[in-house]
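# Residue-level structural notes
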Amino acid sequence: RLGVWTLILEELSRDADLQNVCIDSTVARAHACAAGAGKDSAHQEGLGRSRGGFGCKIHAVTDSLGLPIKFILTGGQAADITQAIPLLKGIKTCVVLADKGYDADDLLAWLKEQAITAVIPARSNRKEARTCDWWLYKERHVVECMFGKLKHYRRVFCRYEKKLCNFMGMVTFAAILLWLR
């Protein structure tokens, strides 16, 4: 609750390689003991229903080496694009790498205002065709690898905590361990 783990992660991420940053999200399924913190508190505690069941979503931004910089937790049904701008605020970078889930005009306009190059493939139903630097897009694998390393920690891949602040502490602690490798 005091945000000590977040402060440690912020201090470690000052040394991040921000030439390119990658954003993505992953789902952490909620264990049965995570439900029922209080009446109608699932939304407040970052829990929600998606096609895969009850869980929460971890939205993350990583540096070009695949080290985590920042996290936001939402319910499992939240779309990736809803957390893109809050994740990227305050991060000084030249390029943002993301998948098709982040192909939205609002995000692209915001990135252009910030003088950040967007390497995001266009969706197949997009009316205006956009180009994508596929050579640079290959570097996006680092965010997927980071999620793979985070999910080696049992408390991250399956959410056991009822409270959002406790689960955020576990995710942040696991991220700190990735920085200290």
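Residues numbered from 1 in each chain as written. Predicted model: local features only at pLDDT ≥ 70, side-chain atom pairs only at ≥ 80, totals over all residues. Heavy atoms only, no water.

### A short note on the overall build of the protein chain
When you go through the protein chain residue by residue, the secondary structure sums to seven helices and seven strands. Each helix and strand of the protein chain, placed in order from N terminus to C terminus, yields the pattern α-β-β-β-β-α-β-α-β-α-α-α-β-α. Here the C-alpha radius of gyration of the protein chain, 16 Å, is about what a compact globule of 181 residues would show, namely 16 Å. Taking the principal axes of the C-alpha coordinates as reference, the protein chain spans close to 45 × 40 × 25 Å. Split into buried and exposed, the 181 residues of the protein chain put 46% on the buried side. Expressed as a percentage of contacts within the protein chain between residues at least 6 apart in sequence, the contacts between residues at least 24 apart total 60%. Total accessible area on the protein chain stands at roughly 10100 Å², and carbon and sulfur atoms take up 54% of it. Mean positive and mean negative side-chain charge positions of the protein chain (26 and 19 charges, respectively) differ by 8 Å. (Helix = DSSP H or I, 4+ residues; strand = E, 2+ residues; numbered from the N terminus. Rg over C-alpha atoms; globule rule 2.2 N^0.38 Å. Buried < 20%, exposed > 50% of the residue type's maximum accessible area, 1.4 Å probe, protein only. Contact = heavy atoms within 4.5 Å. Areas by Shrake-Rupley, 256 points an atom, 1.4 Å probe, with all protein chains shown as cover. Lys, Arg positive; Asp, Glu negative; His and termini not counted. Charge placed at Lys NZ, Arg CZ, Asp CG, Glu CD.)

### Some points on helix H5 (residues 141-150)
For H5, the set of buried residues is Val-142, Val-143, Met-146, Phe-147 and Leu-150. Relative to the axis of H5, the buried residues are bounded by an arc of 145 degrees and lie together on one face. Summarising the contacts, the buried residues of H5 are in contact with strand E1 (20-30), strand E3 (53-62), strand E4 (68-75), helix H6 (154-157) and helix H7 (164-179). (Arc of directions from axis to C-beta.)

### Quick word on the confidence of the model for the protein chain
Across the protein chain, pLDDT averages 88, with 94% of residues at or above 70. Within the protein chain, strand E5 (residues 95-97) carries the highest mean pLDDT (95), whereas strand E2 (residues 48-50) carries the lowest (72). (pLDDT = per-residue confidence, 0-100.)

### Let's talk about the packing of helix H1 (residues 4-12) against H7
One way to put it is that H1 packs onto H7 with a least axis distance of 9 Å and a crossing angle of 30 degrees. Judged on the interaxial angle alone, H7 and H1 are roughly parallel. Relative to H7, the crossing made by H1 is left-handed. Two secondary-structure elements touch here, H1 through Trp-5, Thr-6, Ile-8, Leu-9 and Leu-12 and H7 through Gly-169, Thr-172, Phe-173, Ala-175, Ile-176 and Trp-179. (Axes fitted to C-alpha atoms, helices over the stretch in contact; angles between N-to-C directions. Parallel < 35°, antiparallel > 145°, perpendicular 65-115°, else oblique. Left-handed = near helix turned anticlockwise from the far one by under 90°.)

### Considerations on the environment of Val-142
Within the secondary structure layout, Val-142 lies in helix H5. Given the relative accessible area of 10%, Val-142 is considered buried. Sequence-wise, Val-142 and Gln-114 are 28 residues apart; in three dimensions their C-alpha atoms are separated by 23 Å. Apart from the residues lying within four places of it in its own chain, the contact partners of Val-142 are Cys-22, Thr-62, Asp-63, Ser-64, Leu-65 and Gly-66.

### Some details on the environment of Ile-23
With respect to the secondary-structure elements, Ile-23 resides in strand E1. Separated by 57 residues in the primary sequence, Ile-23 and Asp-80 have C-alpha atoms spaced 9.2 Å apart. Beyond its immediate chain neighbours, meaning those up to four positions away, Ile-23 contacts Ala-60, Val-61, Ala-84, Leu-88, Val-96, Leu-97, Ala-98, Tyr-102 and Val-143.

### Observations concerning the packing of aromatic side chains
This structure, assessed with the given rule, holds two aromatic pairs. Taking 4.9 Å as the distance between ring centres and 65 degrees as the angle between the ring planes, the aromatic pair formed by Trp-5 and Phe-173 counts as edge-to-face. You can see Trp-5 sitting in helix H1 and its partner Phe-173 sitting in helix H7, a full 168 residues away along the chain. The class for Trp-5 is partly exposed, based on a relative accessible area of 39%. Classification of Phe-173 as partly exposed rests on a relative accessible area of 33%. Arranged with centres 5.3 Å apart and planes meeting at 80 degrees, the rings of Trp-134 and Tyr-137 form a pair that is edge-to-face. Placement of the pair is Trp-134 and Tyr-137 together in helix H4 (residues 134-137), with a separation of three residues, close to one helical turn. On the basis of relative accessibility, which here comes to 17%, the residue Tyr-137 falls in the buried class. (Phe/Tyr/Trp six-rings, centres within 6.5 Å; stacked < 30°, edge-to-face > 60°.)

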